[in-house]
Amino acid sequence: MSELHKDLIDEMNRVELIESLRQLKQQFEVQRTALTQYRLLLDHATDPIFSFSPDGRYAYVNNAFANGIHGQTMETIIGRTIWDVFPKDEADKRFAIVRWVFENAETKQIEVRVPRPDGNQYYLTSVKPVLDEHGKVATVICISKNITERKMMEERLQHMAQYDHLTHVPNRSLFDDRLQSAIAQAKRDDLRLALMALDLDHFKTINDTYGHQVGDRLLQGVAQRIKNCLRESDTVGRIGGDEFVILLPHVDVVSDALGVADKISASLRLPFELPDCPSVLKISSSIGIAIYPEHGNNHNELAKHADHALYAAKAGGRNQTSLYCKSPDCLQMSSGSQGQEPPFPE
């Protein structure tokens, strides 16, 4: 082969190499541009996106994730562990899901709460495995959707379904649930509990005289005063009109319940000064009490017998408390201002 022929082949090889390098460089630039675009999309996505290495370190977080953590940035989070960013209990719970995805190579979806000074934020997070060329999980990527507004709406709807809209104490449905739970616990632990039924005396007269707006404000004040007389474990509910029910889940002796009833009665007899009401109002209440297990083994029996005791208190002159008694001739009243109703308004 002549020297000229060899030089020609070398030149062709050199041209082909240059062209190959040019194409590789072009492909690299295309990929680099695409990666930059993808990184920008991830960094500035409105939903939090982040990934973990197997040891629990953040391999990547975007701005939305960092902004959701008070006082943190992307740079201060990447490379740190989840335990550096969240309290241990919260971090353990979250990384348990991530670890499961690493071990099982399957996607999981969880709901997480992120505490912030301006209120809790809630996210629905998809936890997805990213596999390497050998089919093993190389990293786990998490994509979150802020569902705080939806959660708040659900909580508002749940509150509306379980609480009285006027006084914001439990309604009949929630109160019945708590009563049944308290009875179940009392059966397990051999405890006593008390159920009270309370009506305001002559409440209709206040509505007719001063209007429903004043009547509503009075009911709100009554609910608050009853709550102030109770322990944290006790419950007051409103089941309609001026009808309230009170659950004392732990009473050692009957006199404990009678004492609470007297405290409530005394509190409600104090004057009410209400906006838009020209007079100071004085009211009284009638209360009926039934005790578990002496007066009933289920919530229906207790409610019926508390109502019977309430009717007895009203029949006895109102402004008093009656403890349920099986005998129709038996009426046990609490001490106090029995039958002495205060002057209606001042």
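Residues numbered from 1 in each chain as written. Predicted model: local features only at pLDDT ≥ 70, side-chain atom pairs only at ≥ 80, totals over all residues. Heavy atoms only, no water.

Student: Explain the side chain of Asp 242 here, please?
Tutor: Take Asp 242: it is sitting in the loop between β7 (235-240) and β8 (243-248). Despite its burial, Asp 242 remains without a salt bridge, the nearest opposite charge being carried by Lys 314 at 6.2 Å. From its side chain, Asp 242 meets the backbone nitrogen of Leu 200 in a polar contact 3.2 Å long. (Helix = DSSP H or I, 4+ residues; strand = E, 2+ residues; numbered from the N terminus. Buried < 20%, exposed > 50% of the residue type's maximum accessible area, 1.4 Å probe, protein only. Lys, Arg positive; Asp, Glu negative; His and termini not counted. Salt bridge = Lys/Arg side-chain N within 4 Å of Asp/Glu carboxyl O. Polar contact = N/O pair within 3.5 Å; in protein donor to acceptor, adjacent residues only side chain to side chain.)

Student: Would you explain the pattern of salt bridges in this entry?
Tutor: Opposite charge on two side chains permits pairing when their charged atoms draw close. Taken as a whole and judged by the stated rule, the model has 14 salt bridges. For Glu 111, the salt bridge is made with Lys 151, and the minimal N-O distance between the two is 2.8 Å. With Glu 111 in strand β3 (residues 108-114) and Lys 151 in helix α6 (residues 148-162), this pair connects stretches of sequence that are 40 residues apart. In this structure Glu 111 comes out as partly exposed when scored by relative accessible area, which is 43%. Classification of Lys 151 by relative accessible area gives buried; the value is 16%. Lys 314 serves as the salt-bridge partner of Asp 199, at 2.5 Å between the closest nitrogen and oxygen. Of the two residues, Asp 199 is situated in strand β6 (residues 193-200) and Lys 314 in helix α11 (residues 299-315); the sequence distance between them amounts to 115 residues. Linked through salt bridges whose partners overlap, the residues forming this network are Glu 90, Lys 93 and Arg 94.

Student: Would you mind going over the packing of aromatic side chains with me for this structure?
Tutor: The relation between two aromatic rings is expressed through the spacing of the ring centres and the mutual angle of the planes. Counted under the stated rule, the structure contains seven aromatic pairs. When the ring of Phe 52 is compared with that of Tyr 58, the centres are 4.6 Å apart and the planes differ by 35°; the resulting orientation is tilted. The class for Tyr 58 is buried, based on a relative accessible area of 2%. Through successive ring pairs, a cluster of aromatic residues spans Phe 50, Phe 52, Tyr 58, Phe 65, Trp 83 and Phe 95. A cation sits over an aromatic face here: Arg 94 above Phe 86, 3.9 Å from the ring centre. Across from the ring centre of Phe 272, 3.5 Å away, lies the NZ or CZ of Arg 225, which sits over that ring. (Phe/Tyr/Trp six-rings, centres within 6.5 Å; stacked < 30°, edge-to-face > 60°. Lys NZ or Arg CZ within 6 Å of the ring centre and 35° of its normal.)

Student: Which parts of the structure should I look at to understand the sheet that holds strand β1 (residues 49-52)?
Tutor: Sheet strands pair via backbone hydrogen bonds, and the direction of the pair is either parallel or antiparallel. If you walk across this open sheet you meet the five strands as β2-β1-β5-β4-β3, and the pairing is antiparallel. This sheet does not close on itself; its edge strands, each paired only once, are β2 (58-61) and β3. Averaged over neighbouring strand pairs, the angle between their axes works out to 25° when direction is ignored. Sheet topology note: the β1/strand β5 (residues 137-146) ladder contains four bridges and is antiparallel. In the sheet register, Phe 52 faces β5, and the bridge partner there is Val 140. Along the sheet, helix α5 (residues 88-104) makes contact with β1, β3, β4 (121-131) and β5, crossing β3 at roughly 165°. (Pairing = 2+ DSSP bridges. Axes fitted to C-alpha atoms, helices over the stretch in contact; angles between N-to-C directions. Contact = heavy atoms within 4.5 Å.)

Student: Could you clarify how one ought to interpret α5 in this entry?
Tutor: Because an α-helix completes one turn every 3.6 residues, residues spaced three or four positions apart along the sequence face the same direction. Under the 1.5 Å per step criterion, the end-to-end length of α5 is 24 Å for 17 residues, consistent within 8% with the ideal 24 Å. Here α5 has its buried residues at Glu 90, Ala 91, Arg 94, Phe 95, Val 98, Val 101 and Phe 102. Buried residues in α5 make contact with β1, α4 (82-85), β3, β4 and β5. Immediately beyond the C-terminal end of α5, within one or two residues, lies Ala 105, with a positive phi of roughly 55°. (Expected span 1.5 Å × (residues − 1).)

Student: I would appreciate a short explanation of helix α9 (residues 212-228) in the present structure.
Tutor: Between its first and last C-alpha, α9 extends 24 Å over 17 residues, near the 24 Å set by a 1.5 Å rise per residue. What α9 keeps buried is the set Val 214, Gly 215, Leu 218, Leu 219, Gly 221, Val 222, Ala 223, Arg 225 and Ile 226. At its buried positions, α9 is contacted by β6, α8 (203-210), β7, β8 and α10 (254-269).

Student: What exactly am I supposed to notice about the nonpolar core here?
Tutor: One recurring pattern in soluble globular proteins: nonpolar side chains tend to sit buried together. Ranked by internal contacts, the top residues of the largest apolar core, which has 36 residues, are Met 196, Ile 226 and Ile 264. Broken down by secondary-structure element, the contributors of at least two residues to this core are β6, α8, α9, β8, α10 and β9 (285-292). In contact with Met 196, other than residues within four places in its own chain, are Phe 244, Val 245, Ile 246, Leu 248, Ala 257, Val 260, Ala 261, Ile 264, Ile 287, Gly 288 and Ile 289. Counting 26 residues, the second largest nonpolar core, distinct from the first, contains Ile 77, Val 98, Val 101 and Val 140. (Core = buried A, V, L, I, M, F, W, Y, C linked by side-chain atoms within 4.5 Å.)

Student: Would you take a moment to explain the packing of α8 against α9 for this structure?
Tutor: How two helices pack is summed up by the angle between their axes together with the distance between the axes. Two elements in contact, α8 and α9, have axes separated by 7 Å at closest approach and are oriented at 140°. With respect to each other, α8 and α9 are oriented oblique. Of α9, the residues touching α8 (which contributes Phe 203, Ile 206, Asn 207 and Tyr 210) are His 212, Val 214, Gly 215, Leu 218 and Leu 219. Partitioning the contact of α8 with α9 into residue classes produces six nonpolar, three polar and no charged. (Parallel < 35°, antiparallel > 145°, perpendicular 65-115°, else oblique. Nonpolar A, V, L, I, M, F, W, Y, C, P; charged D, E, K, R; others polar.)

Student: Quick question: what am I supposed to make of the pairing of β2 here?
Tutor: Successive side chains on a regular strand alternate, one facing one side of the sheet and the next facing the other. Examined bridge by bridge, β1 and β2 share three bridges and lie antiparallel to one another. By the bridge assignment, Phe 50 is partnered in β2 with Val 61. The turn joining β1 and β2, which pair antiparallel and follow one another in sequence, is formed by five residues; a positive phi near 90° is taken by Gly 56.

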